[in-house]
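An overview of the molecular structure
Read off the chains here:
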Amino acid sequence: METIHKIGRRKTAVARVYLKEGKGNISINKRELENYFPTGTLQYKVKQPLVLTDNETTFDISVNVFGGGITGQAEAIRLAISRAMCTLNDENRGILKPEGLLTRDPRMVERKKFGQKKARKKFQFSKR
């Protein structure tokens, strides 16, 4: 089996995932999963497509991710792994699609407008 390469995005985070047969090792930016994402919630998000398709110990995954925060990066990796699982086997699509793992989340940060304090918040009006 050759290496499968897929890209996932979330907010400003971009993840490139390289999937090949192995023992279930996941390395992110040349670090172990547990070192890169210390919280259990983020580790669960990354492993979710593998758990749902019963492939936790089947593949070695190498990830390059940049941009955004840690939550956005974890969700970008999740999308890329989900796409790779669908490339591997078309039956995985029926498992991952109802869970919402194949949908690219389009929400982005709204830009700040001039004459305002933030994107929506206005400066306080004071009458003296």
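Residues numbered from 1 in each chain as written. Predicted model: local features only at pLDDT ≥ 70, side-chain atom pairs only at ≥ 80, totals over all residues. Heavy atoms only, no water.

**Examining the pattern of salt bridges**
Note the following rule: A pairing counts as a salt bridge when a side-chain nitrogen of Lys or Arg comes within 4 Å of a carboxyl oxygen of Asp or Glu. Under the DSSP-based scheme used, a helix requires at least four consecutive residues in state H or I and a strand at least two consecutive residues in state E, with every element numbered from the N terminus. The classification of residues rests on relative accessible area computed with a 1.4 Å probe and restricted to protein chains. Under 20% of the type maximum is buried, over 50% is exposed, and intermediate values are partly exposed.
Inspection of the entire model under this criterion finds six salt bridges. We note a salt bridge from Arg-10 to Asp-105, for which the minimum N-O separation is 3.4 Å. One end of the pair, Arg-10, is in strand 1 (residues 4–10); the other, Asp-105, is in the segment after helix 4 (91–96), with 95 residues separating them in the sequence. By the burial criterion, Arg-10 is buried, and Asp-105 matches it. Measuring nitrogen to oxygen at the nearest pair gives 2.6 Å for the salt bridge that ties Glu-110 to Lys-113. The structure contains a network of salt bridges with shared partners spanning Arg-10, Lys-45, Glu-75, Asp-105 and Arg-107.

**Quick look at the confidence of the model for the chain**
For clarity, the threshold we go by: The pLDDT value expresses, per residue, how confident the predictor is, ranging between 0 and 100.
Taken over all residues, the pLDDT of the chain has a mean of 93, while the share at 70 or more is 100%. Mean pLDDT across the elements of the chain ranges from a minimum in helix 4, with 93, to a maximum in strand 1, with 96.

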